[in-house]
Amino acid sequence: MSEPVQTPQTQFKPRIFSGIQPSGGLTLGNYLGALKRFVEKQDEGIETIYCLVDLHAITVWQDPEKLRQQTREGAAAFIAAGIDPARSVLFNQSQVTAHAELAWIFNCVARMGWMGRMTQWKDKAGKNAEAASLGLFAYPALMAADILAYHATMVPVGEDQKQHLELTRDIAIKFNNDFKVDFFPVVEPLIEGAATRVMSLRDGTKKMSKSDPSDQSRINLTDTADQIASKIRKAKTDPEPLPDTVEGLKDRPDARNLVNIYAALAGHTVEQVIADFAGAQFGTFKPALADLAVAKLAPITTEMNRLMKDPAEIDRILGQGGERAEAIARPIVDQVYDIVGMIRSRR
Ligand code: AQP
């Protein structure tokens, strides 16, 4: 047996990767839990790579024409929210084949038991796991490939992705151990801020999600000011006024959710919001939240609508981003083939 390929890499430069599925229109949850923080990281000057993960989206059925539309709309949302395609690499996943190639290798590194324990798999496959796609089961291996194909060291995500990132770390460690190399970084999840888990407006115990059948459960980045105000007005709450301490929100998931959303949109702490609204009825708090949400989201929606008028320009930006992404990922994935023992004599 030949000696495993040794790589000298023990240090990895700070690099951020994250993505959003174009599996529907983006929500306030995606914005506060991910997109807003993607922009902050870009503006801190760290190298940032952001992706519309269309290969992930097809792990559940997507109408092809809608998928294209949602991918462009997602890209428009990134740019409208402040991602600058000149400073961040912005592309859609399927344009860079390194993702799918590395995912296959990771399918052979990761264990069935690891995947079977993922709560997202259990939630999305539901009671009828036999009918779920193989891709949905293997989803976390593709996510690990997305990140590790760039040797990314940090991944800003919402709370729901924490378990998948732990699995990414496990895959990196197992690969490094199996092949006796120090090749993949062990990534850091960045789960920060007041809204790492924005909940449904209809049920404060359930995550706000773009694929929830009820449109009333979420605020979409494409909603009009009237739609936002109406959804917040109708959001589920309890009959009590807002408490005067943060502890008073315990066991009040719907109230806590609205306070968290307010804090994240305003850039305040939850304590500050409670101090400002202690004792207020929802009849007072909801209109204040609606005004704030409209003030923060309307400029993004307006810019998205403007960008969507020129789909060819969005495709051009995604293509250019794909080329930049490919230039980083290709040599890394080529090295993986060498480490694993594949003959690559066509190069
Ligand atoms: N409700 C949320 N609160 C905070 N963060 C959230 N994220 C998603 N929902 C919330 C974060 O957004 C990023 C992109 O998520 P995704 O599109 O890849 O998939 P997801 O987490 O499964 O989001 P959805 O909206 O629920 O999509 P569907 O319905 O298609 O499954 C991630 O960083 C995620 O944490």
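Residues numbered from 1 in each chain as written. Predicted model: local features only at pLDDT ≥ 70, side-chain atom pairs only at ≥ 80, totals over all residues. Heavy atoms only, no water.

> Looking at this structure, how should I read helix 10 (residues 253–266)?
What sets the pattern is the α-helix's 3.6 residues per turn: residues three or four places apart point alike. Between its first and last C-alpha atoms helix 10 spans 20 Å; for 14 residues at 1.5 Å apiece the expected length is 20 Å, and the two agree. For helix 10, the buried fraction is high: eleven of the 14 residues fall into the buried class. Taken together, the buried positions of helix 10 are occupied by Asp-254, Ala-255, Asn-257, Leu-258, Val-259, Asn-260, Ile-261, Tyr-262, Ala-263, Ala-264 and Leu-265. In this fold, the buried residues of helix 10 make contact with helix 1 (28–43), helix 11 (270–277) and helix 12 (282–307). (Helix = DSSP H or I, 4+ residues; strand = E, 2+ residues; numbered from the N terminus. Expected span 1.5 Å × (residues − 1). Buried < 20%, exposed > 50% of the residue type's maximum accessible area, 1.4 Å probe, protein only. Contact = heavy atoms within 4.5 Å.)

> I'm lost on the confidence of the model for the protein chain in this one. Help?
Predicted coordinates in regions of low pLDDT should not be interpreted in detail. The pLDDT averaged across the protein chain works out to 95; a share of 97% of its residues lies at or above 70. Here residues 1–9 is modelled with pLDDT under 50, and outside its nearest four sequence neighbours on either side it reaches 16 contacts, counting other chains as well. (pLDDT = per-residue confidence, 0-100.)

> Can you walk me through the packing of helix 1 against helix 10 in this structure?
Helices that pack against each other are described as a pair by the angle of their axes relative to one another and the distance between those axes. Put simply, helix 1 and helix 10 touch, their axes get as near as 11 Å, and they point 45° apart. In terms of orientation, helix 1 lies oblique with respect to helix 10. For the pair helix 1 and helix 10, the crossing hand works out as left-handed. On helix 10, the residues that touch Leu-28, Leu-32 and Lys-36 of helix 1 are Ile-261, Ala-264 and Leu-265. Looking at the contact of helix 1 with helix 10 residue by residue, the class counts come to five nonpolar, no polar and one charged. (Axes fitted to C-alpha atoms, helices over the stretch in contact; angles between N-to-C directions. Parallel < 35°, antiparallel > 145°, perpendicular 65-115°, else oblique. Left-handed = near helix turned anticlockwise from the far one by under 90°. Nonpolar A, V, L, I, M, F, W, Y, C, P; charged D, E, K, R; others polar.)

> Before we go on, may I ask you to explain unusual backbone geometry in this structure?
It is generally the case that most residues other than glycine have a negative phi and that most peptide bonds are trans. Positive phi outside glycine occurs at Lys-180, with the angle close to 55°. By the element assignment, Lys-180 lies in the loop between helix 8 (162–178) and strand 5 (188–190). The phi torsion at Asp-251 lies on the positive side, around 65°, for a residue other than glycine. Counting through the fold element by element, Asp-251 comes out in the loop between helix 9 (225–233) and helix 10. On the accessibility criterion, Asp-251 (67% relative accessible area) is exposed.

> Help me understand the pattern of salt bridges in this model?
In a structure, side chains of opposite charge can pair up when their charged atoms sit close to one another. Scanning all chains against the criterion turns up 25 salt bridges. Residue Glu-188 is joined to Arg-169 by a salt bridge in which the shortest nitrogen-to-oxygen separation is 3.8 Å. Here Glu-188, found in strand 5, pairs with Arg-169, found in helix 8; they are 19 residues apart in sequence, far enough to count as distant. The class for Arg-169 is partly exposed, based on a relative accessible area of 28%. Of the charged contacts in the structure, one is a salt bridge between Arg-306 and Glu-303, with a shortest N-O distance of 2.9 Å. Taken as a pair, Arg-306 and Glu-303 lie in helix 12 at a separation of three residues, close to a single helical turn. Of the residues examined, Glu-303 reaches a relative accessible area of 26% and is grouped as partly exposed. Among the ionic contacts, a cluster of salt bridges with common partners joins Arg-37, Lys-41, Glu-44 and Glu-192. (Salt bridge = Lys/Arg side-chain N within 4 Å of Asp/Glu carboxyl O.)

> Any chance you could explain the nonpolar core here in plain terms?
Note that soluble globular proteins tend to have their nonpolar side chains buried in a common cluster. Core analysis: the biggest nonpolar cluster contains 60 residues, and Leu-28, Tyr-31, Leu-32, Leu-35, Phe-78 and Phe-285 have the highest contact counts within it. Per element, the largest residue contribution to this core is ten residues, and it comes from helix 12. Residues from two domains meet in this core; each of domain 1 (15–196 + 310–340) and domain 2 (215–306) gives at least three. One finds Ala-98, Val-155, Phe-183 and Val-333 within the second-largest nonpolar core, a separate group that totals 51 residues. (Core = buried A, V, L, I, M, F, W, Y, C linked by side-chain atoms within 4.5 Å. Domains from an automatic or database assignment.)

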